[in-house]
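Here is how the chains run, residue by residue.
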Amino acid sequence: MTVEHVLRALTPPVLGVLVRRHGDFARCEDAVQEALIDAADAWSRDGVPEHPFGWLTTVAARRYVDLVRSDAARERREQALFDAVPRDALLAPPPDAEPARDDLLELLFLCCHPALTAPSQMALTLRAVAGLSTAEIAAAFLVPDKTMGQRISRAKQRLLEAGARFEPPADRERALAVVRHVLYLLFNEGYSASAGPRLRRPDLTEQAMRLTRELHERLPDSGETAGLLALMLLTEARGAARADPDGVLVPLAEQDRSRWDRAAIAEGTDLVTRSLAAHPAGPYQVQAAIAAVHSEAATAEDTDWPQVLALYDVLQRLAPSSVTALNRAVALGEVRGPRAALDVVAELERGVLAGHHRLLAVRAHLLERAGDPTAAGEAFRQAARLAGNVPEQRFLLLRAARCAAADISPGRV
């Protein structure tokens, strides 16, 4: 394991130790970041120490003390801290004595505090729990380093103003739902980047899956956490087949299924099967079940579309949304024909998805299947103009060109 991977794995538990001791998230996070810089320099030169957790915790605790001392305006608070806390408490416990996952849940709750906006929750989670640098997070969301740094600073300040504490929230289930949602958004951004030159951001999907797996290990009896992990496994299993050698998006129906990760599919399918057998169905579990149906099909033609449609009906009852309705329309088109699905899409065009490139892409797909290449080509071109992801844009333009070629074929002249 590289020094970078070791440091990223140690960041959450070390930060958790400091925040639990001192409660000052902003200063503790700064101290850990400084300790990470020290570790990266020392470990790259001398190798990873025998007890890396104890090493990093000790250095981070010392950096915290340095930060407190350097703040002249808080001299009285510093004195009170040293009067109230024995000096030994600021040093690390016996090396690696505290399990690395002990504080993960509380740290996730803190980073996903309801006082923060969703973008701030994601940024803080990536910084404090996933261990990414400000520059890496900025690159992930295509904003300047300074902008992301300000966003993270404002998030930490907002936590202070909101009186956020490093402790289980009063409404644990509601807070856990927010944590899952943040991890879900993080995974989706990595799996299908909202903008930029790349279709996928594997670094983001990797972090989302790692954190969700750790969350599942902490909460093995949480059906929806298991469902979220299963959904990520089953979805990411198709990642290698989602683009051709030129980087152009390959839709599900045209993917080379021999490139799918069968081990991940087996794990995800087993996880969602056991979860649904033991717990009431939730939205993440149902989405994972849909992904499992797709994964079970040897070819696109073998897909059990009636079952997919039935599962979307369940999902729409559990968590109704326009995105679910749009995905359901695709399944409806496979079961009852494109015209039936186009009627549903027409209704969605009057809602929050109006003008969204994904809705236009689905509409174009259905029009092409219905035998109207002229309208389909125009819809594909409109979708391409609105898509922020370059590989998606190229795919949509290629589909528009295919429709144009079909429109002028001898059979249509």
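Scroll up to find the structure.
Residues numbered from 1 in each chain as written. Predicted model: local features only at pLDDT ≥ 70, side-chain atom pairs only at ≥ 80, totals over all residues. Heavy atoms only, no water.

Overview of the overall build of the protein chain
When helices and strands are tallied, the protein chain shows 19 helices and 0 strands. Across its three principal axes, the protein chain shows a C-alpha extent of roughly 90 × 45 × 40 Å. Counting the 413 residues in the protein chain, one finds 49% classified as buried. Sequence separation of at least 24 residues holds for 66% of the intrachain contacts in the protein chain that already meet a minimum separation of 6. (Helix = DSSP H or I, 4+ residues; strand = E, 2+ residues; numbered from the N terminus. Buried < 20%, exposed > 50% of the residue type's maximum accessible area, 1.4 Å probe, protein only. Contact = heavy atoms within 4.5 Å.)

Quick word on the environment of Ala40
Tracing the backbone shows Ala40 in helix 2 (residues 25-46). Those residues in contact with Ala40 that sit more than four places away from it in its chain are Val3 and Leu7.

Section: helix 11 (residues 223-236)
The first and last C-alpha atoms of helix 11 sit 20 Å apart over 14 residues, in line with the 20 Å expected at 1.5 Å per residue. Most of helix 11 is tucked away, with 14 of its 14 residues classed as buried. (Expected span 1.5 Å × (residues − 1).)

Points about the layout of surface pockets
The calculated volume of the second largest pocket comes to roughly 500 Å³. Contributing to the lining of the second largest pocket are 22 residues, with Gly23, Asp24, Phe25, Ala26 and Leu160 lying nearest its centre. Among the elements of the structure, helix 1 (3-22), helix 2 and helix 8 (145-161) are those that each provide at least two residues to the lining of the second largest pocket. Per-element tally for the lining of the second largest pocket: the top contributor is helix 8, with 5 residues. Looking at the lining of the second largest pocket residue by residue, the classes come out as 8 nonpolar, 5 polar and 9 charged. (1 Å grid on protein atoms, 1.4 Å probe; cavity = no way out; pocket = protein on both sides within 12 Å on 5 of 7 lines; lining within 4 Å. Points joined across faces, edges and corners; volume = space filled by probe spheres on them. Nonpolar A, V, L, I, M, F, W, Y, C, P; charged D, E, K, R; others polar.)

Some points on the nonpolar core
With 84 residues, the main nonpolar core has Leu15, Leu18, Phe25, Leu56, Leu124, Val129 and Leu215 as its most contacted residues. Residues within four places of Leu18 in sequence aside, it is in contact with Gly23, Cys28, Ala31, Val32, Thr57, Ala60, Ala61 and Tyr64. Membership of the second largest hydrophobic core comes to 41 residues, among which are Leu309, Tyr312, Ala331 and Val344. (Core = buried A, V, L, I, M, F, W, Y, C linked by side-chain atoms within 4.5 Å.)

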